[in-house]
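Listed below are the residues making up each chain.
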Amino acid sequence: MKYVFGPVPSRRLGQSLGIDTIPPKTCNWNCVYCQLGRSVPLVHERREYYPRQDILLEVEQALADHRPGEIDWVTFVGSGEPTLHSGLGWLIRQVKELSDLPVAVITNGAFLYLPEVRLELSLADAVLPSLDAGNARLYRKINRPWPELTFERLLQGLQAFRQEYHGKFWVEVMLVKGLNDSEACLTEIARRLERIQPDQVHINLPTRPPAEAWVQLPDQDGLLRAMGILGDVAEVVHPAEGEFDLSGDENVVEAILNIITRHPMSQEQLVRALGRWQPEAVDQALGELEASRRAQVVRRYGSLFWTVRTARFPEENLKPITNDEQRSRRL
Ligand code: SF4
């Protein structure tokens with residue numbers, strides 16, 4: 001399938017059927033921690049990147065292919081910012097007509113200042129926007145947005161949506177060591193959150209390979225500080241591990257590409273996620289993908305992560321695998 005993936009395990013959304021409405025790495029932000037690499041170029045235009053009817057047909061097929069209980073949520077998420085698709089509201093409405101499953105949208109929230117986007121998202125059962133900074137300078141440093149998407153607009157959109165929206169409003173804070181995990185930064189974020197009044201605050205960690213090599217995971221002190229300062233509604237969300245439903249994929253190469261397009265992973269994680277295939281088959285497929293230049297390896301946190309070749313990571317982080325690394329990844 002081209003637009004629909006999973007269900008994939010999610011800590012917050014159980015087994016989540018993903019709908020990807022936009023081409024790889026289409027985003028109006030260029031976050032330093034983005035697991036999909038850099039946003040080149042930044043994209044600002046809301047339009048019909050893929051025909052909405054084609055996306056809906058795949059959703060219909062995926063829902064028909066799964067038994068009750070196999071999917072917990074239908075989630076608009078994927079290769080960038082889903083609100084860039086101008087048919088998002090229509091798609092949410094259609095999915096809700098097709099099924100009783102709750103619908104979530106994972107968004108950066110940058111377009112929530114637009115009344116039409118708020119109206120479209122109001123149909124969803126849960127909306128999960130981001131707030132990684134408590135001031136404009138840090139917002140520009142972490143999220144590197146399209147210039148017109150100012151911090152004031154982000155806050156204005158989050159507050160306006162909160163007042164109008166009756167579903168679950170869960171704000172995500174990506175915690176990056178040395179960037180936003182100090183007492184001063186967290187206190188500023190907490191003050192903003194007091195005005196936004198989300199139902200929950202999810203503290204995320206950049207465990208997948210960040211776009212920039214200097215991004216670091218917070219340490220235990222940083223996590224404890226965030227928990228203490230962001231209040232009772234805050235919880236740390238560790239990434240869920242588990243098997244991905246890849247029943248729609250015919251072979252292991254296709255299955256790997258489907259995963260790493262949206263979730264770059266280490267080889268060990270891939271082997272666990274692809275439980276349907278033997279580790280040797282996964283290893284062979286990765287070799288083929290690398291040789292045919294459809295996949296690449298990014299070095300982060302002393303590990304190797306597989307991602308699609310089109311993902312933009314700094315060149316110096318993409319050196320070919322050495323013989324030693326080749327041996328150790330097969331152990
Ligand atoms: S993390 Fe999300 S909002 Fe940030 S650049 Fe990546 S896709 Fe865009």
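One can find the structure itself at the top, above this paragraph.
Here's what I pulled together on the structure shown here. Because the structure is predicted, anything quoted here is derived from the model rather than measured.

### Quick look at the overall build of the protein
Of the regular secondary structure elements, the protein holds eleven helices and ten strands. Against the 2.2 N^0.38 benchmark of 20 Å for 331 residues, the protein shows a C-alpha radius of gyration of 19 Å, consistent with a compact globule. By principal-axis analysis of the C-alpha atoms, the protein measures approximately 50 × 45 × 35 Å. Taking as baseline every contact in the protein between residues at least 6 positions apart, the subset at least 24 positions apart corresponds to 73%. Summed over its atoms, the accessible surface of the protein is roughly 14,800 Å², and 49% of this surface lies on carbon and sulfur atoms. Distance between charge centroids for the protein: 6 Å, based on 38 positive and 45 negative side chains.

### Quick word on the environment of Val 201
By the element assignment, Val 201 lies in strand 7 (residues 200–204). Along the primary structure Val 201 and Leu 230 are separated by 29 residues, whereas in three dimensions their C-alpha atoms are 7.7 Å apart. What Val 201 contacts, discounting residues up to four positions off in sequence, is Val 171, Val 173, Leu 193, Leu 230, Val 233, Ala 234 and Glu 235.

### Considering the sheet that holds strand 5 (residues 126–128)
Taken in spatial order, the eight strands of this open sheet run 1-2-3-4-5-6-7-8, and their pairing is mixed. The two strands at the open ends of the sheet, each matched to only one other strand, are strand 1 (4–10) and strand 8 (234–237). Pairwise comparison of adjacent strand axes, ignoring direction, gives a mean angle of 25 degrees for this sheet. Relative to strand 2 (residues 14–19), strand 1 runs antiparallel, the two sharing five bridges. Within the sheet, the bridge partner assigned to Val 4 lies in strand 2 and is Ile 19. In the packing of helix 1 (residues 52–65) onto the sheet, the strands contacted are strand 1, strand 2 and strand 3 (73–76), and the crossing angle to strand 2 comes to about 150 degrees.

### Concerning the site of the ligand
Around the ligand, the neighbouring residues are Lys 25, Cys 27, Trp 29, Asn 30, Cys 31, Tyr 33, Cys 34, Ser 39, Gly 80 and Asn 108. Its residues assigned to classes, the shell around the ligand shows five nonpolar, four polar and one charged.

### Overview of the packing of aromatic side chains
Two aromatic rings, taken as a pair, are described by how far apart their centres are and by the angle between their planes. Tallied over the full model, the rule gives seven aromatic pairs. Taken together, a centroid distance of 4.9 Å and an interplanar angle of 55 degrees make the contact between Tyr 3 and Tyr 50 tilted. Of this pair, Tyr 3 sits in the segment before strand 1 while Tyr 50 sits in the loop between strand 2 and helix 1, and the two are 47 residues apart along the sequence. Residue class for Tyr 3 comes out buried when judged on its relative accessible area of 6%. Accessibility expressed as a relative area gives 16% for Tyr 50, which makes it buried. On the basis of an interplanar angle of 75 degrees and a centroid distance of 5.6 Å, the ring pair of Trp 29 and Tyr 139 is categorised as edge-to-face. Residue Trp 29 is located in the loop between strand 2 and helix 1, and its partner Tyr 139 is located in helix 4 (residues 136–143); the two are separated by 110 residues in the primary sequence. Across the pair, exposure class does not vary: Trp 29 and Tyr 139 are buried alike.

### Quick word on the packing of helix 8 (residues 252–262) against helix 10 (residues 279–291)
Viewed as axis vectors pointing N to C, helix 8 and helix 10 meet at an angle of 70 degrees, and their least axial separation amounts to 9 Å. Comparing their axes, helix 10 and helix 8 come out roughly perpendicular. Along its contact with helix 8, which presents Val 252, Val 253, Ile 256 and Leu 257, the element helix 10 presents Ala 281, Val 282, Ala 285, Leu 286, Glu 288 and Leu 289. Taken together, the residues of the contact of helix 8 with helix 10 break down into nine nonpolar, no polar and one charged.

### Points about the pattern of salt bridges
The full count for this structure, using the stated rule, is twelve salt bridges. Close ionic contact of Glu 212 with Arg 38 constitutes a salt bridge, the shortest N to O distance being 2.8 Å. Of the two residues, Glu 212 is situated in the loop between strand 7 and helix 7 (220–230) and Arg 38 in the loop between strand 2 and helix 1; the sequence distance between them amounts to 174 residues. For Arg 38, a relative accessible area of 31% puts it in the partly exposed group. The structure contains a network of salt bridges with shared partners spanning Arg 38, Arg 144 and Glu 212.

### A short note on helix 4
An α-helix turns once per 3.6 residues; consequently, residues spaced three or four apart project the same way. Residues of helix 4 that are buried include every one of Leu 138, Tyr 139, Ile 142 and Asn 143, and no others. Viewed end-on, helix 4 has its buried residues packed into an arc of 105 degrees, placing them on one side of the element. Along helix 4, the residues that are exposed and aim more than 90 degrees away from the buried face are Arg 137 and Arg 140. Positive phi appears at Arg 144, one or two residues downstream of helix 4, with a value of about 40 degrees.

### Topic: the side chain of Lys 25
Structurally, Lys 25 is set in the loop between strand 2 and helix 1. Salt bridges are absent for the buried Lys 25, whose nearest opposite-charge side chain, Glu 212, sits at 8.6 Å. Here Ser 39 takes part through its side chain, which lies 2.9 Å from a polar atom of the side chain of Lys 25. When sequence neighbours within four positions are dropped, the list of residues in contact with Lys 25 reads Asn 30, Cys 34, Leu 36, Gly 37, Arg 38, Ser 39 and Ser 79.

### So, the nonpolar core
Nonpolar side chains in soluble globular proteins generally cluster together in the buried interior. Ranked by internal contacts, the top residues of the largest apolar core, which has 73 residues, are Tyr 33, Phe 76, Ile 92, Leu 121, Leu 131 and Leu 230. For Tyr 33, the residues in contact, after removing those within four places along its chain, are Asp 132, Ile 142, Asn 143, Met 174, Val 176, Pro 206, Pro 210, Ala 211 and Val 215. Membership of the second largest hydrophobic core comes to 28 residues, among which are Phe 244, Val 252, Val 298 and Leu 318.

The rules behind the values
Residues numbered from 1 in each chain as written. Predicted model: local features only at pLDDT ≥ 70, side-chain atom pairs only at ≥ 80, totals over all residues. Heavy atoms only, no water. Helix = DSSP H or I, 4+ residues; strand = E, 2+ residues; numbered from the N terminus. Rg over C-alpha atoms; globule rule 2.2 N^0.38 Å. Contact = heavy atoms within 4.5 Å. Areas by Shrake-Rupley, 256 points an atom, 1.4 Å probe, with all protein chains shown as cover. Lys, Arg positive; Asp, Glu negative; His and termini not counted. Charge placed at Lys NZ, Arg CZ, Asp CG, Glu CD. Pairing = 2+ DSSP bridges. Axes fitted to C-alpha atoms, helices over the stretch in contact; angles between N-to-C directions. Near = heavy atom within 4 Å. Nonpolar A, V, L, I, M, F, W, Y, C, P; charged D, E, K, R; others polar. Phe/Tyr/Trp six-rings, centres within 6.5 Å; stacked < 30°, edge-to-face > 60°. Buried < 20%, exposed > 50% of the residue type's maximum accessible area, 1.4 Å probe, protein only. Parallel < 35°, antiparallel > 145°, perpendicular 65-115°, else oblique. Salt bridge = Lys/Arg side-chain N within 4 Å of Asp/Glu carboxyl O. Arc of directions from axis to C-beta. Polar contact = N/O pair within 3.5 Å; in protein donor to acceptor, adjacent residues only side chain to side chain. Core = buried A, V, L, I, M, F, W, Y, C linked by side-chain atoms within 4.5 Å.

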